[in-house]
Amino acid sequence: MSSGSAAIVLLLLCAGADGFGIVPSDSLNHQEITERAILDRTVEVCRALALAEGTDFTAPQQPYTAGAVAVACGVPKSTKSFRKAITLIMLNNVKIDLRFAFNGSYHFDEEMFAQGRKIITDGIMAVKASNKEGNYEAAREKLGAIFHPLQDFYSHSNWVELGKKSPNANLLRTDTSIGNIAAKSRATCRNCDGDDCSRNILEDILKENVLTSGYFGVVPLVSTKPKGKCSHGGAVDQTSLIEPKGGINKDTLESNHGFLHNDAANLAIAATSELLEDIRMAAGDRPFLEMLGISKRSSRALGFLIDTTKSMSDDIEAVRNATNAIVDSEVGTENEPSVYILVPFNDPEFGPLIKTTDPEVFKGLFKTLSASGGGDNQELSLSALQLALANAPANSEMFLFTDAAAKDKYLKNTVIALIERTQTVVRTPTVNFMISGSSEANRRKRRHAQLQSKITGSDAQLYKELARASGGQAIEVATADLAAAIGLVTRLSSSASLVTLLQAVRDPGLDTNFTFVVDETVTNLTVYITGQSLSYTITSPSGESQQSNDTAGSLITAAASVGNYINVQLKSQAGQWSVKIMSTNPYTLRVIGESTLDFLFDFVEMSQGPLEAFAALETRPRSGVNVSLLLTVSGNDSITLTEVSLVKLLGSEEMDGVVKPQESGSFLVEFEAPPSAEFVVRVKGQRDGATTKASANFQRVTSTSFRASNLTITGVMTPGTPFSVPFSVKSYVLEGNFTVRATNSRLFDATYPTSLNLTAGGSANGTVTITAPVNTTSGTDVTLTIEVEAPGGQDTNYAVLRFSVIKPVTDVTPPVCQLISRHATCPKNCNSSRWTLSLRVSDEAGGTGVANVTLKTGNGTLDTTYGDITLVSYNASCCAPKVVLRVTDRAGNEGTCSYSLSSRIMPSLWVSLVTLVLGLLIKR
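Residues numbered from 1 in each chain as written. Predicted model: local features only at pLDDT ≥ 70, side-chain atom pairs only at ≥ 80, totals over all residues. Heavy atoms only, no water.

(A) Focus on the side chain of Ser105. Relative to the helices and strands, Ser105 is located in the loop between helix 3 (79-99) and helix 4 (113-132). In this view, Ser105 contacts Met112, Gln115, Gly116 and Ile119; residues no more than four positions away in its chain are not counted. (Helix = DSSP H or I, 4+ residues; strand = E, 2+ residues; numbered from the N terminus. Contact = heavy atoms within 4.5 Å.)

(B) Representation of unusual backbone geometry. Cis geometry is found at the peptide bond from Gly351 to Pro352, where omega equals 5°. With an omega of 10°, the peptide bond running from Asp507 to Pro508 counts as cis. Summarising the element assignment, Pro508 is placed in the loop between strand 12 (498-506) and strand 13 (512-518). In the Ramachandran plot, Glu110 falls in the positive-phi region, its phi being about 55° despite a non-glycine side chain. Looking at the element boundaries, Glu110 is found in the loop between helix 3 and helix 4. The phi dihedral of Asn209 falls on the positive side, at around 60°, and the residue is not glycine. Its place among the elements puts Asn209 in the loop between helix 6 (203-207) and strand 3 (210-211).

(C) Looking closely at a nonpolar patch on the surface. There is a patch of nonpolar side chains on the surface, built from Phe102, Val218, Val219 and Val236 and spanning about 280 Å² of accessible area. Take Phe102: it is sitting in the loop between helix 3 and helix 4. Of the residues examined, Phe102 reaches a relative accessible area of 38% and is grouped as partly exposed. (Patch = residues over 30% accessible without salt bridge, like charges linked within 9 Å, V, L, I, M, F, W, Y side chains within 5 Å. Areas by Shrake-Rupley, 256 points an atom, 1.4 Å probe, with all protein chains shown as cover. Salt bridge = Lys/Arg side-chain N within 4 Å of Asp/Glu carboxyl O. Buried < 20%, exposed > 50% of the residue type's maximum accessible area, 1.4 Å probe, protein only.)

(D) Summary view of the state of the cysteines. For the structure on display, the rule yields 6 disulfides. Two residues share a disulfide in this structure: Cys189 and Cys230, whose sulfurs sit 1.9 Å from each other. As the torsion about the S-S bond is roughly 90°, the Cys189-Cys230 disulfide counts as right-handed. Remark: Cys230 occurs in the loop between strand 3 and helix 7 (261-283) and Cys189 occurs in the loop between strand 2 (180-181) and helix 6; sequence separation between them is 41 residues. Its relative accessible area of 0% is what places Cys230 among the buried residues. Paired through a disulfide, Cys817 and Cys897 show a sulfur-sulfur distance of 2.0 Å. (Disulfide = S-S within 2.5 Å.)

(E) Molecular detail of helix 3. The end-to-end C-alpha distance of helix 3, which contains 21 residues, comes to 30 Å, matching closely the 30 Å that a straight helix rising 1.5 Å per residue would cover. Of all 21 residues in helix 3, 21 are buried, a share of seventy percent or more. (Expected span 1.5 Å × (residues − 1).)

(F) Representation of the pattern of salt bridges in the model. Inspection of every chain in the model, using the stated rule, returns 35 salt bridges. Among the ionic pairs, Glu161 bridges to Lys250, the shortest N-O distance being 3.0 Å. With Glu161 in the loop between helix 5 (136-156) and strand 2 and Lys250 in the loop between strand 3 and helix 7, this pair connects stretches of sequence that are 89 residues apart. Across this residue pair, the class does not change: Glu161 and Lys250 are buried. Across the pair Glu330 and Arg300 runs a salt bridge, and its minimum N-O distance is 3.0 Å. A residue pair is termed long-range when its members are at least 10 positions apart, and Glu330 in helix 9 (residues 313-330) and Arg300 in the loop between helix 8 (285-291) and strand 4 (301-307) qualify at 30 residues. Residue class for Glu330 comes out buried when judged on its relative accessible area of 4%. Overlapping salt bridges bring together Arg41, Glu277, Arg280, Asp285, Arg886 and Glu894 as one network.

(G) Broad picture of the sheet that holds strand 25 (residues 654-656). Overall, antiparallel pairing links the 4 strands, which are arranged 25-24-28-29 in an open sheet. Since the sheet does not close on itself, it has two edges, and those belong to strand 25 and strand 29 (697-701), each with one partner. Direction aside, the axes of adjacent strands within the sheet are offset by 25° on average. Bridging between strand 28 (residues 679-687) and strand 29 involves 5 bridges; their strand directions are antiparallel. Bridging across to strand 29, Gly685 finds its partner in Phe698. (Pairing = 2+ DSSP bridges. Axes fitted to C-alpha atoms, helices over the stretch in contact; angles between N-to-C directions.)

Okay, structure coming up:
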């Protein structure tokens, strides 16, 4: 966007003190605490899975890294998705200090223990509901948000000063007491002795095990701190200047109670790990790991959006055959998608969206498709694409098949917004548009075998722009060539380790020489070109060249073309390559390969308040002002970044950023401003361990383009309850009636102003009210897109919001166990003896029901029969006399049941013992 563009600003209430540090230092910060807990818990879950499945498990060396943990878990190709999930969780943790810096309930300040716990327990409920529906990105975002107050409890309260050595488990439950909380009128602190605050908490508070926390405020001479209460402390906290002076926070080693920082941080790690364990028990091991990006399958979705009008009957059959081949080739491999999506469309209908994780079910869905209707040469293709994008995970792949123009062109900007939104985690859906003939005469005569008039002019350009925005291709093919085109595109695009080395567009066409660097980790080097009437010359690092019409060269191992699409496979060679394209017609170029070395990034915003911190932007970076991105390289822990640039997609202009190394191998990159047009992010660097200097250099590029920015927020909806989203639109130069459109992924009823009148430099407010039906499943995620268009389409901007629909949970108590029988025959030699338990597990009246019974401790065999009455039997060696069961209900409440051998059930053991004693006495 230019400086005169419209800007949508969603009103956010910035309403506690900062917690553990959120920028690099010698102290442990929120990011490090979060990452350590996630890595530790993931290792334990993978160890337990290996034990249960009878496979070997070798723990990685400490300190753990995401890559090493993914390898130990047996899924090294999950390194990038694991790293991405950790980063998303960490950034949503940090965001709390930016969005709710002065709201004590998010930090357990001002003795707001009940409010803080409610944030945690409500969040746990939302995470469990999202996991149950497979909405893992929503679960990650909420998980990061509730980690923050949980961790702050140990830094901001006096839990550590009370001598506690383990986390406060009651913060995760609603039916227990948090502790003995200080009364509002009770004094808790005295003045610090100068800079020494080690004895500022009153002795009676410590002796009576009373729980308190510090007050916080940034406005001088204005304080809500009651008389005698502790302050948070620190240079920013103005309440620490009011008696009792000083503070009790343990955020850093330099804090007032910094001498206890490590104790607080270690408890925060343990508490975070316990919360993760609670989530794991509700979800199960495999879904828990999927939430963290660890899976034997790819995290992407594979989607097909198919025009079902009568003229597409031959195409549907071709797509069906090609799809079956793709699905069969990926089943059981690391490239198998996590979910399959199908959306049929025509006019006047589109959908329904059908999702399944079963490849055979997905193939069967195509058999139900039939072609009928049509006649006006336009279909609701963008409505189908919008529906698919809004319901798919990031890094997915969508194929849209049509022979018609889009009837819903007005959705173009909304679709681009969704493409960019899912691309905020580096690589977003690749939308490949397969277009067969489209003129009315061609549709009527069904001459698909002849590649002729097709979708032309602005209609064809629309599909090309959407494909370009997503890093995909708009391929024009005949029906007979559909299968070949799909096969060429998906040969590498479905790979879990796909990387992009170069991406460029020339429109209009221009003879251009493009260069790119290949490192020795890259295999299956491939060049994609779309365009008409062009030629190319490829030159290797050794100086050898091969032209498009040269079939005898040694650089090109295979080349194929179909319609306007060219696929060239190259012999991998480390060093700098070049591709020279000669054409006056528009064309796109993309160079890809397979490698474990890649990068992740988020555009981030820096805090404008008293806290030095940053959090991820959730949509576009703002144009015309400084922009920063936080970047992490995956697949190699020893990397030197030499250059990070924002490169115009349709030209050669580029902007270099200033690279600043951060904690955990990440980098903060700062730019003066992003380019004014579409751009990609390019990373260059050197890696350790290369065999030659030339092969040490690497280059990676985002597979998608980015544009000017705005922001997005997250929220929670309740089924049957209207949920209102206020927003504000500001125009810097343009004026008049601005068109407003609001759409949501679930097609829920919504109301909003269709236009807003703005003057130059002015702003106007609006509200979108959306209602989820009362029968909506808890955990359903909803994507709301608000688009604003200036008069005459001179400019547009958007905000994309993600919500979770959560039904209020009244079941807050875990299931209970009732002993039916306990038997044992345990003679002197326990190795040859066994004991058994029979139990009945039930949820309380009105409860959600028993969901899971597992072993927490114990080496025996567990057998469970689920139903209205859940029956459990346990059989173990007498050498393992104790067992602890975890019992979880469908609301995610977890309890434990402990049993052991006792004198009442071990008569044979007592007999043996008495006999032994009597024998010894007789001998004496």
